[in-house]
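# A closer look at the structure
One-letter residues, chain by chain:
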Amino acid sequence: MAEEKTKKPFENTRVIAIGSGKGGVGKSTVTANLAVELSEMGYSVGLIDADILGHSIPQILGIKNKKPMATKDGTIIPIEVNGVKIISMGNLMDKDEALIWRGPMLGNVLTQFFNDVYWGELDYMLIDLPPGTGDVPLSLMQQLPKAEILIVTTPQITAADVAKRLAFMAKKTNSKVIGIIENMSYFICDNCDEKHYIFGKSEGEKLSKELNALLLGEIPLSTLVREDSDKGIPSVLDDRLDIKDKYNLIATKLLETE
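Source: prediction; values computed, not measured.

## Thoughts on the packing of helix α2 (residues 27-40) against helix α9 (residues 243-256)
Across the interface, α2 lies against α9 with an axial gap of 9 Å and an inter-helix angle of 75°. Classified by the angle between their axes, α2 and α9 sit roughly perpendicular to one another. Contact residues: Thr29, Val30, Asn33, Leu34, Glu37, Leu38 and Glu40 in α2; Lys244, Tyr247, Asn248, Ile250, Ala251, Leu254 and Leu255 in α9. Here the residues of the contact of α2 with α9 are counted per class, giving eight nonpolar, three polar and three charged.

Written as structure tokens, this is what we have:
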């Protein structure tokens, strides 16, 4: 394991940082389900919850009360569930403990997640960024210049407009925006079986064209997805939903961008 630490982090791994301009667009839910879907497709996947202050990955993936192990030399062994190796501050701190940290401290945690965790050989590393364009996204783009950026937005004009800021930051740090995922795109009514565009329509597509990035997919709004997240169940594993097909298409398109 000591030899692993001497390598550059994720030297032979495709790193995809998943971000959004604002909170509340379902970015962490998208990240978690995409990670599980890539694992279901046979890839070796890691997931870093880089939303240090607002972590939700442990809840979504059902590992809220689990703690990672550590070796004698201090190397952290990530938690593994559904074939995905995961590290999150939510699994390293006491329940309901509040963190009040400044930017440099957050960057140090990210560095430790990169270098002090035994990830092994991975095909993909997904990084769930905090919303916005603060210190953590900037630190990541500086430390992992080969990381690609995937933006999650909703059909709301305000959400798409704010998401552009993350794309502009990526451009300034020479990070490539590889795709857009529009979450909560529409709602299918149980009674009439028709699509209802509750939050607007086509802003993800417009954003993808403006940024010259691929629209990877449009994920519907569903109460079952919320229920799954509350129970710690990835929606791609829920037979009641057709969500798996959506994520499989997104993952397939993602592979084609490599």
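## Brief notes about the pattern of salt bridges
Throughout the structure, instances matching the rule amount to 11 salt bridges. The partner of Lys27 in a salt bridge is Asp128, with the nearest N and O atoms 2.8 Å apart. With Lys27 in helix α2 and Asp128 in strand β7 (residues 124-128), the pair connects residues that are 101 residues apart, well separated along the chain. Neither residue differs from the other here; Lys27 and Asp128 are each classed as buried. Here Glu205 and Lys209 are joined by a salt bridge, their closest N and O atoms 3.6 Å apart. Placement of both Glu205 and Lys209 in helix α7 (residues 203-211) is noted, with a separation of four residues, approximately one turn of the helix.

Cut-offs applied
Residues numbered from 1 in each chain as written. Predicted model: local features only at pLDDT ≥ 70, side-chain atom pairs only at ≥ 80, totals over all residues. Heavy atoms only, no water. Axes fitted to C-alpha atoms, helices over the stretch in contact; angles between N-to-C directions. Helix = DSSP H or I, 4+ residues; strand = E, 2+ residues; numbered from the N terminus. Parallel < 35°, antiparallel > 145°, perpendicular 65-115°, else oblique. Contact = heavy atoms within 4.5 Å. Nonpolar A, V, L, I, M, F, W, Y, C, P; charged D, E, K, R; others polar. Salt bridge = Lys/Arg side-chain N within 4 Å of Asp/Glu carboxyl O. Buried < 20%, exposed > 50% of the residue type's maximum accessible area, 1.4 Å probe, protein only.

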